[in-house]
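Inside the fold
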Amino acid sequence: MSQPIHISCQFDSGNIEVINSESEDNIRLAIRNDNNSDFYQWFHFKVHGQSDQNYRFCIENASDAAYAAGWEDYQAVASYDRETWFRVDTDYRDGQLIIEHTHQHEVIYYAYFAPYSYERHLDLLQFCQSSPIAKLEHLGSTLDGRDMTLAIIGEPETAQNIVWMIARQHPGESMAEWLVEGFLQKLLDDSDPMARQLLSNTVFYVVPNMNPDGSVRGHLRTNAAGANLNREWLEPTMDRSPEVLLVRQKMQATGVDVFLDIHGDEAIPYNFLASCEGIPSYNDERAASQDKFRQAFLESSPDFQIKHGYPVAEPGQANLTMATTWVAETFGCVSFTLEMPFKDNLDLPDEVFGWSPERCMRLGEAICYPILKSIQ
Ligand code: ZN
């Protein structure tokens, strides 16, 4: 090899371990576990090499990652400018994830999905504050000392409907915050008629990032203590899951009419909603209001579909430690988990970018319509 390459990840959401980088056609890497946890799958690293050189990276511990099925037909993303993330040749073979790419410049970044940085998260909150109809509320602090910030859009005192949206309980699912950005841009656009109609009688409580510690640490699924926040909703504690405890307390103070928890799914190459069928209070009336939301979402975006998704829980078999089921049971409201793909939406595939930040943002705009239908 003409010149050794340098691989690093000591930056926001960085995650990789270099085993051996001596040979450009067999650069051996591993993904680090989430702190205090067995979960891992998120990777994000920087490679300083040579332009016009072909490199082959092998992530050797891919088969023991949280969702190995997520590597089948998956293409990693890469970027030269940290703005545009394009897909690169990726193969899952013999338990290893192999990324092969000819670098056009010396420095390139690779990631599991287009990262949504902590700085961009802070910018998004300030964008909200600059609107006359939005306010920010400090809910408390995370275990690493980051702020849990809630954006309140609309008039809490006079609103007849209360909508909550949370994202990134699982920090490696960065697509969730891209969706929230698109959603907030539409909602705060005062020349958007649907936003005006929604805000005439509805208040929105939005937590763009439920897990800032995990996001900055480069985790897939857990917070700083190794807690999977989407299994903490029944009995959250300040020691283990302050993020959930703080948000839950605020929800109990405001009430909830519509709840949306935004996620990404490693394996399924479609957008879909997971509902709350297995909760004790589920009945025909609840099913009808959940279905009304789904049908309106089908009308508002061809990127949404209902053919592919998770198996439906049997009656009474819901896991009430999850946000969607706990909220549905506690508030008797419309409640969904929205899952977006890490891979692509196979109904409308994009060979260059796959499922991308831009598409997430469009879906965030499109979700306004089913919300409107649900509260009408
Ligand atoms: Zn998730």
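Residues numbered from 1 in each chain as written. Predicted model: local features only at pLDDT ≥ 70, side-chain atom pairs only at ≥ 80, totals over all residues. Heavy atoms only, no water.

If you walk through the whole model with that rule in mind, you get 24 aromatic pairs. Judged by centre distance (6.0 Å) and plane angle (80°), the ring pair of Trp326 and Phe331 falls under edge-to-face. Among the aromatic residues, those joined into a cluster by ring pairs are Phe43, Phe45, Tyr55, Phe57, Trp71, Tyr74, Tyr110, Tyr112, Phe113 and Phe342. Between the NZ or CZ atom of Arg82 and the centre of the ring of Tyr109, over which it lies, the distance is 5.2 Å. Its end group placed over the ring of Phe39, Arg221 keeps NZ or CZ at 5.4 Å from the ring centre. (Phe/Tyr/Trp six-rings, centres within 6.5 Å; stacked < 30°, edge-to-face > 60°. Lys NZ or Arg CZ within 6 Å of the ring centre and 35° of its normal.)

The end-to-end C-alpha separation of helix α6 (residues 284–300) is 24 Å, in line with the 24 Å expected for 17 residues at 1.5 Å each. Tucked into the core, α6 has its buried residues touching β15 (258–265), β16 (272–274), α7 (323–331), β17 (334–341), α8 (357–366) and α9 (368–375). Its side-chain oxygen at 3.1 Å from the backbone nitrogen of Glu285, Asn283 defines the N-terminal cap of α6. (Helix = DSSP H or I, 4+ residues; strand = E, 2+ residues; numbered from the N terminus. Expected span 1.5 Å × (residues − 1). Contact = heavy atoms within 4.5 Å. Polar contact = N/O pair within 3.5 Å; in protein donor to acceptor, adjacent residues only side chain to side chain.)

Moving on, we get to the environment of Arg120. Mapping Arg120 onto the fold places it in helix α1 (residues 118–129). Look at Arg120 and you get partly exposed, because its relative accessible area is 30%. Taking the C-alpha atoms as reference points, Arg120 and Glu181, separated by 61 residues in sequence, lie 9.8 Å from one another. Discounting chain neighbours no more than four positions away, the residues touching Arg120 are Trp178 and Glu181. (Buried < 20%, exposed > 50% of the residue type's maximum accessible area, 1.4 Å probe, protein only.)

A word on the domain arrangement of the chain. Here the domain parsing of the chain yields domain 1 (6–111) and domain 2 (118–375). For domain 1 versus domain 2, the separation of C-alpha centres amounts to 28 Å. Between domain 1 and domain 2 we count zero salt bridges in total. Seen at the junction of domain 1 and domain 2, the total is 17 residue pairs in polar contact (both at pLDDT 80 or more). For the side of domain 1 that touches domain 2, a count of residues per class yields ten nonpolar, nine polar and six charged. (Domains from an automatic or database assignment. Salt bridge = Lys/Arg side-chain N within 4 Å of Asp/Glu carboxyl O. Nonpolar A, V, L, I, M, F, W, Y, C, P; charged D, E, K, R; others polar.)

Our focus in this paragraph is the coordination of the zinc ion. Donor atoms from the polypeptide that coordinate the zinc ion comprise His170 (ND1), Glu173 (OE), Glu173 (OE) and His263 (ND1), at 2.1 to 2.4 Å from the metal. Coordination at the zinc ion comes from four donor atoms whose angles at the metal span 56 to 146°, giving a geometry best classed as irregular. Donor residues binding the zinc ion come from one chain and are separated in sequence as H-x2-E-x89-H. Take His170 and Glu173: they sit in the same class, and that class is buried. (Donors = N, O, S within 2.8 Å, 3.2 Å for Na, K, Ca; no water. Tetrahedral: all angles 85-135°; square planar, octahedral: opposite > 155°, others 65-115°.)

Membership of the largest hydrophobic core comes to 78 residues, with the highest contact counts inside it found for Phe43, Phe45, Phe57, Phe183 and Phe293. Counting residues per element, this core draws most heavily on helix α2 (residues 175–187), at eight residues. Shared between two domains, this core holds at least three residues of each, these being domain 1 (6–111) and domain 2 (118–375). Setting aside residues up to four positions removed in sequence, Phe293 forms contacts with Val258, Leu260, Leu273, Val334, Phe336, Ile367, Pro370, Ile371 and Ser374. Of all hydrophobic cores here, the second largest spans 23 residues; its members include Ile152, Tyr205, Val207 and Phe259. (Core = buried A, V, L, I, M, F, W, Y, C linked by side-chain atoms within 4.5 Å.)

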